[in-house]
Amino acid sequence: MASPVSLAHSPCPNDTFVFHAWTAGLLPGRPVPAVTIADIDVTNKAAVRGGSDVLKISYAALPYVLDRYELLPAGGALGHGCGPLLLTRLPCAPEALEGRVVAIPTELSTAYLLFRLWAERALPGVKVRTTVLPFDRIMPAVRDGEVDAGLVIHEARFTFHEYGLHRLVDLGEAWEERTGMPIPLGAIVARRSLGAGAVSEVTAAVRESVRHAWADPAASRDHVRSHAQEMAPDVQRRHIDLYVNRYTEDLGPQGYVAVRTLLDEAAGAGIAPAVPAEALEPSGSAG
């Protein structure tokens with residue numbers, strides 16, 4: 001990279017942990033990017049419009065941006081046991097969602113895509129209404145009866161009991177049981193117009209930042225805490241441990257197959273545009 005790129009990612013602990021070393025100038029020889037920290041719904045929409053050079057987005061948004069952005073093999077969020085949850089105030093059967101309102105974080109979220117793929121199989125013919133709410137409003141809205149169910153992600157896995165809520169379905173668990181693959185959640189993309197060489201350097205910088213974070217987790221602690229708002233320190237740690245894993249360092253063959261499976265299923269269900277096979281191929285590699 002001859003000059004710094006612009007980077008946009010979420011304030012979630014996994015992202016601030018992963019990108020801290022790069023954005024704090026702790027990687028010798030790597031220009032520090034110009035950083036925007038914003039909710040994933042904002043970065044998804046920015047990618048669709050053609051925003052920053054490098055962005056963290058939902059895998060569900062990939063089909064809409066791959067003409068301009070390339071999927072990077074490092075920095076993203078895939079894994080096991082880390083999928084979205086569908087929560088209700090009282091225990092009930094899935095069929096009870098008929099005609100009910102489900103709060104979702106954004107229509108371009110992977111969580112909503114996984115919900116729709118699950119509903120295609122588990123709730124044929126059942127009509128569910130959805131409403132978009134900010135992520136931090138979903139569990140209170142379910143608890144207070146403002147909506148009938150809520151689709152939640154990230155640290156909500158560890159905190160939904162505090163709201164007295166019940167897990168109707170673990171959508172990640174349903175995905176893993178059906179496919180045997182890791183759950184694709186968040187992707188890192190880079191603008192294709194940067195050129196293959198620059199994209200390869202960005203990939204290397206992201207991967208170095210991941211490795212630095214693992215080697216010295218204390219270095220990013222204050223940075224992570226400053227963006228995690230009211231999240232307890234132990235929840236921050238559990239969040240990072242769950243979402244920053246070997247797929248974050250390198251998607252690898254299994255990661256790419258999981259992403260391809262998700263996108264193909266979405267296209268097959270008429271939920272998203274089809275993605276050509278070559279669209280996921282990296283233009284360069286970096287170790």
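Everything here concerns the structure above.
Residues numbered from 1 in each chain as written. Predicted model: local features only at pLDDT ≥ 70, side-chain atom pairs only at ≥ 80, totals over all residues. Heavy atoms only, no water.

**Notes on helix H3 (residues 110-122)**
Then, number 1: Taking 1.5 Å of rise per residue, the 13 residues of H3 would be expected to cover 18 Å, and the 18 Å separating its terminal C-alpha atoms lies within 8% of that figure.
Then, number 2: Every buried residue belonging to H3 is among Thr110, Ala111, Tyr112, Leu113, Leu114, Phe115, Leu117, Trp118 and Ala119, and all of these are buried. (Helix = DSSP H or I, 4+ residues; strand = E, 2+ residues; numbered from the N terminus. Expected span 1.5 Å × (residues − 1). Buried < 20%, exposed > 50% of the residue type's maximum accessible area, 1.4 Å probe, protein only.)

**Focus on the packing of aromatic side chains**
Then, number 1: According to the stated counting rule, one finds 2 aromatic pairs in the structure shown.
Then, number 2: Here tyrosine 112 and phenylalanine 115 contribute two aromatic rings whose centre-to-centre distance is 6.3 Å and whose plane-to-plane angle is 20°, an arrangement assigned as stacked. One end of the pair is tyrosine 112 and the other is phenylalanine 115, both in helix H3 and 3 residues apart, which spans about a single turn.
Then, number 3: When the centroid spacing of 6.0 Å and the interplanar angle of 35° are considered together, the rings of phenylalanine 115 and tryptophan 118 count as tilted. (Phe/Tyr/Trp six-rings, centres within 6.5 Å; stacked < 30°, edge-to-face > 60°.)

**A closer look at the nonpolar core**
Then, number 1: Counting residues in each nonpolar core, the largest one holds 60 residues, and the members touching the most others are Ile57, Tyr59, Leu62, Leu71 and Leu86.
Then, number 2: A total of 8 residues in this core trace back to one element, the largest contributor, which is H3.
Then, number 3: Excluding anything up to four places from it in sequence, isoleucine 57 contacts Ile40, Thr43, Asn44, Ala47, Leu62, Val65, Leu185, Gly186, Ala187 and Val189.
Then, number 4: Counting 22 residues, the second largest nonpolar core, distinct from the first, contains Val5, Leu7, Ala21 and Val210. (Core = buried A, V, L, I, M, F, W, Y, C linked by side-chain atoms within 4.5 Å. Contact = heavy atoms within 4.5 Å.)

**Considerations on the environment of histidine 20**
Then, number 1: Tracing the sequence through the fold places histidine 20 in helix H1 (residues 13-23).
Then, number 2: Spatially, the C-alpha atoms of histidine 20 and histidine 239 are 16 Å apart, while their sequence positions differ by 219 residues.
Then, number 3: If we ignore the near neighbours within four places in the chain, the residues touching histidine 20 are Leu26, Ser209, Ala219, Ser220 and His223.

**Some thoughts on the sheet that holds strand E7 (residues 101-104)**
Then, number 1: In spatial order, the strands read E8-E7-E9-E6-E10; together these 5 strands make up an open sheet with mixed pairing. The sheet is open, and its two borders are formed by strand E8 (129-132) and strand E10 (166-170), each paired with just one other strand. Across the sheet, the mean angle separating the axes of adjacent strands is 30° when strand polarity is ignored.
Then, number 2: The strands touched by helix H4 (residues 135-143) within the sheet are strand E6 (85-88), E7 and strand E9 (149-152), with E9 carrying the most contacts at an inclination of about 150°.
Then, number 3: Along the sheet face, helix H6 (residues 171-179) touches E9 and E10 and points at about 30° away from the line of E10. (Pairing = 2+ DSSP bridges. Axes fitted to C-alpha atoms, helices over the stretch in contact; angles between N-to-C directions.)

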